[in-house]
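Results of the structural survey
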Amino acid sequence: MNKPSASMQHPDHSDARELLPLSPRASVDVLGNLLPQTGEQPSGERPKRTGTDYRALWKTAIHQQIILLRMEKENQRLEASRDELHIRKMKLNYQEVGQCSKDAQALWERKLTAPGRTTVPQDQEEMYRALCQGVSKSRRGEVWLLLSHQHRLCHRLPQRQQAPDTPYQDLLKQLTAQQHAILVDLGRTFPTHEYFSAQLGAGQLSLYNLLKAYSLLDTEVGYCQGISFVAGVLLLHMSEEQAFDMLKFFMYDLGIRRQYRPDMVSLQVQMYQLSRLLHDYNRELYNHFEEHEICPSLYAAPWFLTLFASQFPLGFVSRIFDFLFVQGTEVIFKVALCLLSSHEGEIVECDTFESIVDYLKTTLPTLSQTQMEQTIAKVMEMDISKQLDEYDVEYRVLQDEMLDAGPLPDDSDRLDKLEKTNAQLKKQNMDLLEKLQAARQKIQTLETSVENFLSRESKMKHMIRSLEQERAAYQKTIERMRSCLPPDALTDVEMTQIKTGPNGKAKTAAKKP
């Protein structure tokens with residue numbers, strides 16, 4: 001009866017079907033009911049166990065508990081991984097515009113894994129060519145981060161124009177005065193998308209955090225309708241903190257925040273630029289709009305404020321975002337111009353104000369896959385940067401002229417004056433553009449020179465410190481060697497130093513043989 005059972009002698013090789021206890025007391029009760037090895041029935045009294053037996057039981061119980069905890073953690077990790085994959089699949093549930101070839105995927109894979117990709121500027125033309133070949137939606141967020149890093153390396157903003165460097169987590173701990181407006185717009189942002197449709201679900205909570213943080217970061221803009229759609233597109237492709245950094249990149253580095261300012265001056269300039277582009281590229285459609293008194297702000301303002309995200313398919317919008325990271329707001333004008341030109345026939349057939357506006361707001365955004373691919377192909381071929389600069393200067397000069405001249409007596413005099421002014425402005429625009437480009441190049445050159453000088457200064461300081469440390473080490477070594485030499489040898493060394501010149505050669509010439 002006192003002889004331990006086989007399970008106690010070999011605790012690590014017990015029967016797999018036996019449920020081992022988790023405490024010594026429970027193990028004794030269970031083991032007390034087991035039959036002994038002699039085959040005799042146990043008596044009424046409990047068998048006596050030694051300290052070794054209890055230690056073995058405790059060891060087995062602790063081992064089992066560790067295994068159970070590990071299994072529970074592994075199950076939690078697998079469950080979290082499944083949830084993350086499900087959310088990622090839910091986010092990217094849209095049809096891509098244009099197929100990304102295997103060569104393009106391999107090219108982006110090399111660029112995304114290249115060393116120094118966030119610190120060393122890459123060839124911008126090569127990046128644009130890769131972008132034209134397509135981007136896989138599964139790697140789109142990473143590509144956007146890479147493009148933003150490259151843009152910041154090549155176009156560094158002055159310190160006063162940079163975004164405040166406040167951590168995202170610190171902003172989330174504060175309260176915003178824009179809370180009510182943000183909460184109202186949460187349900188209006190991508191209401192049909194599965195990730196944002198659940199009321200106060202994961203998508204709406206992430207979107208609220210992002211908009212709240214930006215309203216606290218940029219107090220001048222705060223929150224404006226339209227920002228929620230831009231932030232929503234970013235959230236579908238990356239995490240909250242990455243999306244917040246990309247929103248700052250859009251607003252400050254690309255200058256999009258100007259159109260969200262309370263005075264909306266930048267948006268008015270954009271509407272004028274779009275009207276002038278339509279006048280130059282599609283005169284018939286421009287005249288049709290003028291005939292029915294349809295200004296660009298009636299249909300194009302949501303395109304600019306939401307970057308086409310509020311009305312157009314998400315795959316088309318994501319493709320537009322690809323080029324925004326490289327070309328900035330110029331892409332918005334090119335897309336708007338291509339959309340209007342491709343639907344010119346249908347728009348001209350609308351003969352009333354209401355029918356035209358209804359077509360532009362409801363029918364035009366419902367693009368087919370072929371129409372979206374054709375629009376993106378036309379956008380890649382266009383270059384209107386020069387015209388946009390001209391129209392920007394033209395609008396501002398016209399505003400100044402109108403303010404200085406005051407109200408005109410009638411429309412005919414005003415039209416004559418504008419026509420005369422327009423001829424003069426074209427020449428002035430060219431001169432101003434040349435000066436502006438020269439000034440930008442000079443500024444960029446000076447900034448590069450300053451950075452080079454600072455870098456060289458830092459390297460020289462580091463080299464000086466290293467040489468001083470080396471000199472001090474040599475001096476200590478010489479003193480230590482002097483202390484080890486006998487006095488006679490030290491005298492000979494000093495005499496040798498006196499007889500040698502500055503280059504270490506002896507002053508006495510060698511005897512000729």
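Residues numbered from 1 in each chain as written. Predicted model: local features only at pLDDT ≥ 70, side-chain atom pairs only at ≥ 80, totals over all residues. Heavy atoms only, no water.

**Here's the deal with the overall build of the chain**
Defined as follows: Every helix listed is a DSSP run of H or I at least four residues long, and every strand listed is a run of E at least two residues long, numbered separately from the N terminus. Only protein chains enter the accessibility calculation, which uses a 1.4 Å probe; a residue whose area is less than 20% of its type maximum is buried, one above 50% is exposed, and one in between is partly exposed. By definition, residues are in contact when any of their heavy atoms lie within 4.5 Å. Reported accessibility uses the Shrake-Rupley method at a 1.4 Å probe radius. Residues are deemed covered only where the shown protein chains occlude them.
For the chain, the helix and strand inventory stands at 23 helices and zero strands. For the chain, the residues scored as buried account for 36% of the 513 residues in total. Intrachain contacts of the chain at a sequence separation of at least 6 include 76% that bridge at least 24 residues. Here the chain displays about 31800 Å² of accessible surface, and carbon together with sulfur accounts for 54% of that area.

**Thoughts on the nonpolar core**
For the record, the criterion: In plain words, nonpolar cores are sets of buried Ala, Val, Leu, Ile, Met, Phe, Trp, Tyr and Cys residues tied together by side-chain atoms within 4.5 Å.
Phe250, Phe289, Trp303, Phe308, Phe316 and Phe321 are the most contacted members of the largest nonpolar core, which has 106 residues in total. If you tally residues by element for this core, the top one is helix 17 (residues 330-342), at nine residues. Apart from residues lying up to four places away in sequence, phenylalanine 289 is in contact with Leu278, Ile294, Tyr299, Leu340, Ile347, Ile356 and Leu360. Counting six residues, the second-largest nonpolar core is a separate cluster that includes Tyr272, Tyr395, Leu398 and Leu425.

**Quick word on a nonpolar patch on the surface**
Where we set the bar: The patches reported here contain residues having more than 30% relative accessible area and no salt bridge. Joining distances are 9 Å for like charges and 5 Å for nonpolar side chains (Val, Leu, Ile, Met, Phe, Trp, Tyr). Salt bridges, as used here, are contacts in which a Lys or Arg side-chain nitrogen is within 4 Å of a carboxyl oxygen on Asp or Glu.
Taken together, the side chains of Trp58, Ile62 and Ile66 present a nonpolar region at the surface, about 290 Å² in accessible area. Examined against the element boundaries, isoleucine 66 turns out to sit in helix 3 (residues 51-91). With relative accessibility at 39%, the residue isoleucine 66 sits in the partly exposed group.

**Quick notes on unusual backbone geometry**
Phi is positive for methionine 264, close to 55°, though the residue is something other than glycine. With respect to the helices and strands, the residue methionine 264 is situated in the loop between helix 12 (240-253) and helix 13 (265-281). Overall, the relative accessible area of 24% leaves methionine 264 in the partly exposed class. Positive phi outside glycine occurs at glutamate 293, with the angle close to 55°.

**Observations regarding the environment of glutamine 327**
Structurally, glutamine 327 is set in helix 16 (residues 314-327). Each C-alpha atom, one on glutamine 327 and one on histidine 151, is 9.8 Å from the other, the two residues being 176 residues apart in sequence. Here glutamine 327 is in contact with Tyr128 and Lys334, once residues within four sequence places are set aside.

**A closer look at the environment of threonine 306**
Residue placement: threonine 306 occurs in helix 15 (residues 301-306). Given the relative accessible area of 6%, threonine 306 is considered buried. Considering only alpha carbons, one finds threonine 306 and phenylalanine 229, 77 residues apart in sequence, at a separation of 5.7 Å. Those residues in contact with threonine 306, other than ones at most four positions away along the chain, are Gly226, Phe229, Val230 and Tyr260.

**A few points about the pattern of salt bridges**
If you walk through the whole model with that rule in mind, you get 16 salt bridges. As a salt-bridge pair, arginine 139 and glutamate 109 come within 2.5 Å of each other at their nearest N and O atoms. Note that arginine 139 is positioned in the loop between helix 5 (124-133) and helix 6 (140-154) and glutamate 109 in helix 4 (residues 102-113), a separation of 30 residues in sequence. Between arginine 257 and aspartate 218 there is a salt bridge, with the nearest N and O atoms lying 2.8 Å from each other.

**Some remarks on helix 12**
Which entries qualify depends on this criterion: Helix span, expected: 1.5 Å multiplied by one less than the number of residues in the helix.
Taking 1.5 Å per residue, 14 residues should reach 20 Å; helix 12 reaches 19 Å between its end C-alpha atoms and fits that length. Burial within helix 12 is extensive, with 10 of its 14 residues counted as buried. Every buried residue of helix 12 is accounted for by Ala243, Phe244, Met246, Leu247, Lys248, Phe249, Phe250, Met251, Tyr252 and Asp253. Buried positions along helix 12 lie against helix 6, helix 7 (168-172), helix 10 (202-217), helix 11 (227-235) and helix 16.

**Structural notes on the confidence of the model for the chain**
Under the convention used in this document: Confidence of the predictor at the level of single residues is given by pLDDT, which spans 0 to 100.
Per-residue pLDDT for the chain averages 83, and the proportion of residues at 70 or more is 85%. The spread of mean pLDDT over the elements of the chain runs between helix 1 (residues 6-9), the lowest at 41, and helix 11, the highest at 96. The model gives residues 1-42 a pLDDT under 50, and that stretch makes 45 contacts with residues more than four places away or in other chains. Segment residues 504-513 is flagged for pLDDT under 50; beyond a separation of four residues in sequence, or across chains, it makes seven contacts in the model.

**Overview of helix 10**
The terminal C-alpha atoms of helix 10, which comprises 16 residues, lie 23 Å apart, in line with the 22 Å expected from a rise of 1.5 Å per residue. With 13 of 16 residues buried, helix 10 lies mostly within the body of the structure.

**Re the packing of helix 16 against helix 17**
Heads up, the condition is: Each axis is a line fitted through C-alpha atoms, taken for helices only over the stretch in contact, and angles between the N-to-C directions span 0 to 180 degrees. Geometric relationships in this document are graded by angle, where less than 35 degrees denotes roughly parallel, more than 145 denotes roughly antiparallel, 65 to 115 denotes roughly perpendicular, and other angles denote oblique. Think of it as three bins: nonpolar holds Ala, Val, Leu, Ile, Met, Phe, Trp, Tyr, Cys and Pro, charged holds Asp, Glu, Lys and Arg, and polar takes everything else, Gly as well.
Direction vectors running N to C along helix 16 and helix 17 enclose 140°, while the axes themselves pass 8 Å from each other. Looking at the two axes, helix 16 sits oblique to helix 17. Side by side, helix 16 and helix 17 meet where Phe316, Ile320, Phe323, Leu324 and Gln327 of the first sit next to Glu330, Val331, Ile332, Lys334, Val335 and Leu339 of the second. In terms of residue class, the contact of helix 16 with helix 17 is made up of eight nonpolar, one polar and two charged.

**Observations concerning the side chain of arginine 276**
Mapped onto the secondary structure, arginine 276 falls in helix 13. Judged by its relative accessible area of 15%, arginine 276 is buried. Look past the residues within four positions of arginine 276 in its chain and what remains in contact with it is Tyr391 and Glu394.

**What to know about the packing of aromatic side chains**
When we look at a pair of aromatic rings, we describe it by the centre distance and by the angle of the planes. The condition is simple: Classification of ring pairs uses Phe, Tyr and Trp, with its six-membered ring standing for Trp, and accepts pairs whose centres are within 6.5 Å; under 30 degrees between planes counts as stacked, over 60 as edge-to-face, and the remaining range as tilted. Placement of a charge over a ring requires the Lys NZ or Arg CZ to be within 6 Å of the ring centre, with the centre-to-atom vector within 35 degrees of the ring normal.
Evaluated as defined, the whole model comprises 19 aromatic pairs. Here phenylalanine 250 and phenylalanine 325 contribute two aromatic rings whose centre-to-centre distance is 4.9 Å and whose plane-to-plane angle is 50°, an arrangement assigned as tilted. Here phenylalanine 250 is found in helix 12, whereas its partner phenylalanine 325 is found in helix 16, with 75 residues between them in sequence. For the pair shown, phenylalanine 250 and phenylalanine 325 are each scored as buried. We note lysine 137 situated over the ring of tyrosine 94; from NZ or CZ to the ring centre the distance is 5.2 Å.

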